[in-house]
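# Architecture at a glance
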Amino acid sequence: MRTRIKEVLGVDWFDGAVMNCTWEGPRVRDILLAAGVQEDRVVHDGVSPMHVHFANYGGKTQQDEWYGGSIPFDRAMDPEMEVILAVKMNGLPLPARHGFPVRSVVPGVLGARSVKWLDRISISDKESPCFYQQHDYKVLPPEAVDAATAEKYWVLCPSMLEMPVNSCIAYPTSESTITLPSSGSIEVLGYAVPQGHHGPVIRVQVSGDEGKTWVDAQLEDGGETGSRWTWVLWNASIKMERGKGKKIFAKATDAGGNSQTQERSTWNLRGVGYNGYEAAFDLTVL
Ligand SMILES: Nc1nc2c(c(=O)[nH]1)N[C@H]1C(S)=C(S)[C@@H](COP(=O)(O)O)O[C@H]1N2
Ligand SMILES: [Mo]
């Protein structure tokens, strides 16, 4: 959002802020039931849902004395949502920096709720009080343009939960020079992720002429390896004209019918939830 629209109060994530690996561990649901939580006795007032909190008291974070996040109780208790306490990553014990000995993993949901070095789980009728739940990871309205104008919106805006459908062009990279093969077609590679629990991604389209025409990408292994929660890797062969300042766009559609529909997302102060067409910019095609 910063590089494509305007300055934000936030981190430059670029295209690498994505978690795609094998996580293993018990469902949070089963841990809560084993701890005596009676699902039907968790009180709902019918207005605000209950929340499951994950907390790590191991030390200060940039903006708080600790780290924590919460998700709706119903999501944690839904076996289909596969909210787990991960003890293994890619078949091995969690590496220290990814949360050893145990972390929450909330698939389809922004990484902020997958709390590392987990110390405590609790249930509450409020969301986590941690700074990162209350004053971060929210899509503020465009009127919130700096810390002062944002202040009143933090309590009004919902915490982010599911991430939007998105795609990424890994090759070619922006500002690179490509020599057009005699075929006149350029190979483009990338990944795409579905919206929240609506995976897998079933279609990726790529354009070499700023969206006038689109070509269907091949999903790796015909998309078979893309699960509900994972990315799909894709490749496409697109015709391009020689010249400078060329762009390539990509857009994905998931099994739930969600797709990237606009060249640019609406700006928000924290620069979160961007899912405009993915683009490689400023290519020189020789
Ligand atoms: N204890 C703790 N857990 C945390 C964080 C943190 O700062 N402290 N950061 C969160 C955020 S914002 C993200 S994106 C993910 C990153 O997980 P990773 O380091 O395994 O990639 O961890 C989440 N869990
Ligand atoms: Mo994050």
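Residues numbered from 1 in each chain as written. Chains lettered and ligands numbered in written order. Predicted model: local features only at pLDDT ≥ 70, side-chain atom pairs only at ≥ 80, totals over all residues. Heavy atoms only, no water.

## Let's talk about the domain arrangement of the protein chain
Stated formally: Domain ranges listed in this record stem from an automatic or a database domain assignment. Between two residues, a contact is recorded if the distance between any of their heavy atoms is within 4.5 Å. For any pair of parts, buried area is found by adding up, for both, the accessible area (1.4 Å probe) each one loses once the two are put together. Only one rule defines a salt bridge in this text: a Lys or Arg side-chain nitrogen within 4 Å of an Asp or Glu carboxyl oxygen. Side-chain classes follow a simple rule in which Ala, Val, Leu, Ile, Met, Phe, Trp, Tyr, Cys and Pro form the nonpolar group, Asp, Glu, Lys and Arg form the charged group, and the remainder, Gly included, forms the polar group.
The domain architecture assigned to the protein chain consists of domain 1 (23-153) and domain 2 (166-285). Between domain 1 and domain 2, the residue contacts involve 16 residues of the former and ten residues of the latter. Carbon and sulfur atoms supply 61% of the area that domain 1 and domain 2 bury against each other, a total of about 1,100 Å² over both sides. Run the count over domain 1 and domain 2 and you get one salt bridge. Linking aspartate 136 and arginine 270 is a salt bridge whose minimum nitrogen-to-oxygen distance equals 2.3 Å. In the side of domain 1 that touches domain 2, the residues fall into nine nonpolar, one polar and six charged.

## Brief notes about the pairing of strand β12 (residues 201-207)
To be explicit about the condition: Think of it in three bands: with a 1.4 Å probe and only protein chains considered, a residue is buried below 20% of the maximum accessible area for its type, exposed above 50%, and partly exposed in between. Numbered from the N terminus, helices here are DSSP runs of H or I no shorter than four residues, and strands are runs of E no shorter than two. Strand pairing is assigned whenever DSSP identifies at least 2 bridges connecting the two strands.
Taking burial as the measure, the seven residues of β12 include five buried ones, the bulk of the element. With six bridges joining them, β12 and strand β16 (residues 243-254) adopt antiparallel strand pairing. Bridged to valine 206 within β16 is alanine 250.

## Here we look at the sheet that holds strand β15 (residues 232-239)
The four strands are arranged β9-β11-β15-β14 in an open sheet whose pairing can be described as antiparallel. Of all strands in the sheet, those with a lone pairing partner are β9 (166-171) and β14 (218-219), marking the two edges. Bridge analysis of β14 against β15 gives two bridges, and the strand direction is antiparallel. Residue glutamine 218 lies in a different strand from β15, and its bridge partner there is asparagine 235.

## Remarks on the site of ligand 1
For clarity, the cut-off: Any residue with a heavy atom lying within 4 Å of a molecule or strand is counted as near it. Polar contact criterion, stated in full: a pair of N or O atoms within 3.5 Å, where within protein one must be able to donate a hydrogen and the other to accept it, and residues adjacent in sequence count only if both atoms are side-chain atoms. Each accessible area is a Shrake-Rupley result for a 1.4 Å probe, and residues are judged covered by the shown protein chains and nothing else.
Taken together, 13 residues lie around ligand 1, and Asn56, His98, Arg103, Ser114 and Lys116 are the ones closest in. Note that a nitrogen atom of ligand 1 is positioned 2.9 Å from one of the side-chain N or O atoms of asparagine 56. Contact between ligand 1 and lysine 116: an oxygen atom at 2.5 Å from a side-chain N or O atom of the residue. Its free accessible area being 530 Å², ligand 1 has 74% of it covered by the protein chains. Residues that form the shell around ligand 1 fall into these classes: six nonpolar, four polar and three charged.

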